[in-house]
Amino acid sequence: MENVWIPMKDGVRLSATLYMPDGAKPNEKFPAVLEYQPYRKDDAMAARDYGIFTYFARRGYVGARVDIRGFGTSEGVPTNREYSEQEQADGLQVISWLARQPWSNGNVGMMGISWSGFNSLQMAMLHAPELKAILAADATAELFHDDIHFIDGMAHIDEFELNMDMAPGMTGAPDYTLDEKVLGPRFEATPWSLLYLKHQRDGPFWRNPVRPLSEITIPSFLIGGLQDGYRDSIPAMHEQTKAPIKAIIGPWNHSFPDNADFGPRIEWRDEAVRWWDYWLKGRDTGVLQDPKLVIYMQHWHPPDPNLEAVPGEWRREEGWPPRDLKLMTLFLQPNHTLVDSVAAKDVHRLKYIPSIGVESGFWWGELLTDPRPVDAFSLVYDSAPLQNEVAILGRPHALLRSSATAPSADWFARLSDVAPDGTVTQITGGGLNGAQRESMSEPRDLEPGKVYPLDIEMHLTSWVFPRGHRIRVAISNALWPMVLPTPYPMTTSLELGANDGSRLVLPVVPVHGISPPAFQPPRPSEERSDFQSTGELFPGDWTTTRDEVNHKTTVHWHGKTETTYPWGKETDYENLTYDADDTHPETSAVQGEAKSVFDLKGRVLTWQGHLSVTTDQKNFYYKYTRELSKDGQMIKTKTWQETIPRDHQ
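It should be emphasised that the depicted structure is a prediction, and the values quoted were computed from it without experimental measurement.

Thresholds, definitions, all that
Residues numbered from 1 in each chain as written. Predicted model: local features only at pLDDT ≥ 70, side-chain atom pairs only at ≥ 80, totals over all residues. Heavy atoms only, no water. Pairing = 2+ DSSP bridges. Helix = DSSP H or I, 4+ residues; strand = E, 2+ residues; numbered from the N terminus. Polar contact = N/O pair within 3.5 Å; in protein donor to acceptor, adjacent residues only side chain to side chain. Contact = heavy atoms within 4.5 Å. Axes fitted to C-alpha atoms, helices over the stretch in contact; angles between N-to-C directions. Parallel < 35°, antiparallel > 145°, perpendicular 65-115°, else oblique. Nonpolar A, V, L, I, M, F, W, Y, C, P; charged D, E, K, R; others polar. Salt bridge = Lys/Arg side-chain N within 4 Å of Asp/Glu carboxyl O. Buried < 20%, exposed > 50% of the residue type's maximum accessible area, 1.4 Å probe, protein only. Core = buried A, V, L, I, M, F, W, Y, C linked by side-chain atoms within 4.5 Å. Phe/Tyr/Trp six-rings, centres within 6.5 Å; stacked < 30°, edge-to-face > 60°. Lys NZ or Arg CZ within 6 Å of the ring centre and 35° of its normal. Left-handed = near helix turned anticlockwise from the far one by under 90°.

Trainee: Would you take a moment to explain the pairing of strand β13 (residues 326-332) for this structure?
Mentor: For a regular strand, the rule is simple: side chains alternate between the two faces of the sheet. Two strands pair when backbone bridges link them, and β13 and strand β25 (residues 503-509) are joined in this way by six bridges, in the antiparallel orientation. Counted as the bridge partner of phenylalanine 331 is arginine 503 from β25. With two bridges joining them, β13 and strand β14 (residues 337-339) adopt antiparallel strand pairing. When the sheet's bridge partners are listed, leucine 332 is paired in β14 with leucine 338. The hairpin turn running from β13 into β14, its antiparallel successor, is four residues long, and histidine 336 in that turn takes a positive phi close to 65 degrees.

Trainee: Mind showing me how you'd approach the side chain of lysine 246 here?
Mentor: Relative to the helices and strands, lysine 246 resides in strand β10 (residues 245-250). Engagement of the side chain of lysine 246 in a polar contact is seen with the side chain of aspartate 290, the distance being 2.9 Å. Excluding its chain neighbours within four sequence positions, the residues that come into contact with lysine 246 are Ser220, Phe221, Leu222, Glu271, Arg274, Trp275, Asp290, Pro291 and Lys292.

Trainee: Please clarify how the packing of helix α2 (residues 85-99) against helix α3 (residues 115-125) should be interpreted in this entry.
Mentor: A packed helix pair is summarised by two numbers, namely the angle formed by the two axes and the spacing between the axes. Two elements in contact, α2 and α3, have axes whose closest approach is 11 Å; the angle formed by their N-to-C orientations is 75 degrees. When the interaxial angle is binned, α2 and α3 end up roughly perpendicular. Contacts from Glu87, Gln88, Gly91, Leu92 and Ile95 of α2 reach α3 at Trp115, Asn119, Gln122 and Met123. The residue inventory of the contact of α2 with α3, partitioned by class, reads four nonpolar, four polar and one charged.

Trainee: Sorry if this is basic, but what is going on with the sheet that holds β10 here?
Mentor: Read from one edge to the other, the open sheet built from ten strands follows the order β1-β2-β4-β3-β5-β6-β9-β10-β11-β12, with strand pairing classed as mixed. Lying at the two open borders of the sheet, with one neighbouring strand each, are β1 (2-7) and β12 (312-317). Across the sheet, the mean angle separating the axes of adjacent strands is 20 degrees when strand polarity is ignored. Where strand β3 (residues 30-37) and strand β4 (residues 62-67) come together, six bridges link them in parallel fashion. When the bridges of β4 are listed, valine 33 appears paired with glycine 63. Contacting β2 (13-19), β3, β4 and β5 (104-113), helix α1 (residues 46-57) crosses the sheet at an angle of about 55 degrees to β2.

Trainee: Would you take a moment to explain the sheet that holds strand β30 (residues 603-615) for this structure?
Mentor: Backbone-to-backbone hydrogen bonds join strands into a sheet, with any given pair of strands oriented parallel or antiparallel. In spatial order, the strands read β26-β27-β28-β29-β30-β31-β32; together these seven strands make up an open sheet with antiparallel pairing. Lying at the two open borders of the sheet, with one neighbouring strand each, are β26 (532-547) and β32 (633-645). Direction aside, neighbouring strands of the sheet carry axes that sit 10 degrees apart on average. Bridge count between strand β29 (residues 589-600) and β30: twelve bridges; the pairing is antiparallel. In the sheet register, glutamine 591 faces β30, and the bridge partner there is serine 612. Taken strand by strand, helix α5 (residues 180-187) contacts β30, β31 (619-630) and β32, and its axis lies near 25 degrees from that of β32.

Trainee: Teacher, can you tell me more about the pattern of salt bridges here?
Mentor: Proximity of charged atoms lets side chains of opposite charge pair with each other. If you walk through the whole model with that rule in mind, you get 38 salt bridges. In this structure, glutamate 526 engages arginine 58 in a salt bridge whose closest nitrogen and oxygen atoms are separated by 2.4 Å. Of the two residues, glutamate 526 sits in the loop between β25 and β26 while arginine 58 sits in the loop between α1 and β4, which places them 468 residues apart along the sequence. In this structure arginine 58 comes out as exposed when scored by relative accessible area, which is 60%. Here glutamate 215 makes a salt bridge to arginine 211, at a shortest N to O gap of 3.7 Å. Taken together, the salt bridges that share partners define one network made up of Glu35, Arg48, Asp49, Arg65 and Asp67.

Trainee: For this particular structure, what's the right way to read the nonpolar core?
Mentor: Counting residues in hydrophobic clusters, the biggest one holds 161 residues, and the most contacted among them are Leu98 and Trp607. Judged by nonpolar contacts, the second largest core, of 36 residues, contains Val33, Ile223, Ile266 and Ala272.

Trainee: In this structure, what is going on with the environment of methionine 20? I would like to understand it.
Mentor: Along the chain, the position of methionine 20 falls in the loop between β2 and β3. For methionine 20, a relative accessible area of 23% translates into the label partly exposed. Measuring from C-alpha to C-alpha, the distance between methionine 20 and leucine 293 comes to 32 Å, with 273 residues separating the pair along the chain. Excluding residues that lie within four positions of it along the chain, methionine 20 makes contacts with Glu2, Ala57, Val62 and Trp103.

Trainee: Would you explain the environment of glutamine 520 in this entry?
Mentor: Tracing the chain through its elements places glutamine 520 in the loop between β25 and β26. Of the residues examined, glutamine 520 reaches a relative accessible area of 41% and is grouped as partly exposed. Between the C-alpha atoms of glutamine 520 and aspartate 228, which are 292 residues apart in sequence, the distance is 22 Å. When sequence neighbours within four positions are dropped, the list of residues in contact with glutamine 520 reads Ile266, Glu267 and Asp270.

Trainee: Can you walk me through the side chain of serine 502 in this structure?
Mentor: Along the chain, serine 502 turns up in the loop between β24 (491-496) and β25. There is a polar contact of 3.1 Å between the side chain of serine 502 and the backbone nitrogen of arginine 401. Of the polar contacts made by the side chain of serine 502, one reaches the backbone oxygen of glutamate 495; its length is 2.9 Å. In contact with serine 502, not counting residues within four places along its chain, are Phe331, Leu332, Leu399, Leu400, Arg401, Leu494, Glu495 and Leu496.

Trainee: Before we go on, may I ask you to explain the environment of glutamate 442 in this structure?
Mentor: Structurally, glutamate 442 is set in the loop between β20 (424-433) and β21 (452-457). Sequence-wise, glutamate 442 and glycine 203 are 239 residues apart; in three dimensions their C-alpha atoms are separated by 8.6 Å.

Trainee: I would appreciate a short explanation of the pairing of β25 in the present structure.
Mentor: Within β25, seven of the seven residues are buried, which leaves the element mostly enclosed by the surrounding structure. Neither face of β25 is open: one carries Arg503, Val505, Pro507 and Val509, the other Leu504, Leu506 and Val508, and all of them are buried. The pairing of strand β17 (residues 390-394) with β25 spans two bridges and is classified as antiparallel. Counterpart to isoleucine 392 in the pairing with β25 is valine 508. Looking at chain direction, strand β18 (residues 397-404) and β25 are connected through three bridges and run antiparallel. By the bridge assignment for β25, histidine 397 is matched with valine 505.

Trainee: Even after reading the chapter, I still don't get the packing of aromatic side chains, so can you show me in this structure?
Mentor: The description of an aromatic ring pair rests on the distance of the ring centres and on the angle between the ring planes. Evaluated as defined, the whole model comprises 33 aromatic pairs. With a centroid separation of 6.3 Å and an interplanar angle of 75 degrees, the aromatic rings of phenylalanine 53 and phenylalanine 56 are classed as edge-to-face. Taken together, the positions of phenylalanine 53 and phenylalanine 56, both in helix α1 and three residues apart, correspond to about one turn of that helix. The same class applies to phenylalanine 53 and to phenylalanine 56, which are both buried. One aromatic cluster is present, formed by Tyr39, Phe71, Tyr83, Trp115, Phe118, Trp192, Tyr230 and Trp363 through successive ring pairs. Residue placement shows arginine 59 over the ring face of tyrosine 55; its charged tip is 3.6 Å from the ring centre. Taking the ring centre of phenylalanine 531 as reference, the NZ or CZ of arginine 528 above it sits at 4.1 Å.

Trainee: Looking at this structure, how should I read the packing of α1 against helix α9 (residues 269-281)?
Mentor: Remark: α1 packs on α9, axes separated minimally by 11 Å, with the N-to-C direction vectors making an angle of 45 degrees. Considering the angle they form, α1 stands oblique to α9. In the crossing of α1 with α9, the sense of the turn from one axis to the other is right-handed. On α9, the residues touching Gly51, Ile52, Tyr55 and Phe56 of α1 are Arg269, Asp270, Ala272, Val273 and Trp276.

Rendered as structure tokens:
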């Protein structure tokens, strides 16, 4: 491992750790594999990075882990947002620098998960000549619709905001300098959550960091999870990108496939090496004969957040949409059933209950508990018990004809499997901000009482409904705390009847597909003996408290992790409290705190961030305070406080 500086044109130096192949022959050349992100490579991510990049280094690659400008041990002022123009300009220079090193064969690959998967796609769109191939896991280019700030175009606040609002204010390991020249610009950096809350519709702010997927012309290896919030990008890449694509979609949440919270877990690094060997070393490893898509067909399982492995089977597809796909249309009936024939005309009404939804998760993923507490306050429609197994693969649609008695309303559709004993397992879902029914960039108020056609495209899924089970779709106007409530009391309606009446469209495929080559089970990762960690911030733990008399509900989430380094111990805490009032939907609130305590030799440094977002009918009220104390004494503090008008949220 070599720690090096990569100079930028403006004199700022980015900090890189190079994982070099040991015992190289004189004049031997290697490709570089770059991961580029703000998540601190020298402390927070060091143990994780080691297991990935030692694997690649031992197979003839120089792994390059680079902190973006203003984060970790890199120099400079933090960028003003994710995926900034500065981040991308620096990234192009990093790629060029790697390709010019004496040990380099001139070829660079880029990889990563989440943030570093996002910017791998973005750098591919910029056509850096030295960038020959990418590997992007759990990534998307739809920053407004899919990213963590606005889910399906609706306001969302979660643990990520706490983490990333505090992170710019911290200095790098192991020194954690308090030199004002370094600390000052970081501590003064505006919290990103404030910026994002000011951009409540799609448009240039969200579009400028990305280009169309069709502009990606280099080979792309994509990894996704059916319980991850960014999974829809993989079918979109297959449809829009002409470059060679290899994709694996397992049942996982937001993780690499070898260390997922639940299985089946697989080894992905051997697949990555085959990919890199072909595109960066020119070795014929057979990747061009690999399936373009291998996806996990999930079979029924009971609702269980602690499930060890999702039952099912792998299948291969040669692109998107899947072969032999047929659409099944089920019409919502007056008696709350789903059948394949047109319904009689009727209207179903639903009172808006802002506080429902916690059992359906914090984003469109996760293994969940039984969602019947949410179904109880939704319009629910069930099929008859199935006479045969039914398999779906793709993105179901809820096509609704609906109205609201208020100028602002959200709609959510959730697809579930109902077992013969009544147990319900939620499969997928999707949401639609009614104001964005025609355009996410030009939202318009609803006209109260007017019936609108709404197309709710649910998120990618696979599922086999067993014989004797029922298909369920549930429609609601809240899914809190995933999405902040709309501010008006109201009743919404669904119109049934006629060919264009409210209906569910399912992407049905044969129950069994073509089997792909078998994956290898995860191999043990090399570990750093000088780091020890316990606990995890995410997914953490949550509880729900309902005040039935006063119609108020509180959700409390918290997480904790602790890591020991050679230079000291870091303890991280995060908590979020969400409040909703069913009689006053305009008065929701989110309060959160993040705290990182560094117990170092001779001193204790504590960074804290306090986030508050409250609402009324017209505004978001934002407040964020960043604090730094040394040995229990406050040495720096700064507060940002603004009133932000609600823009159709």
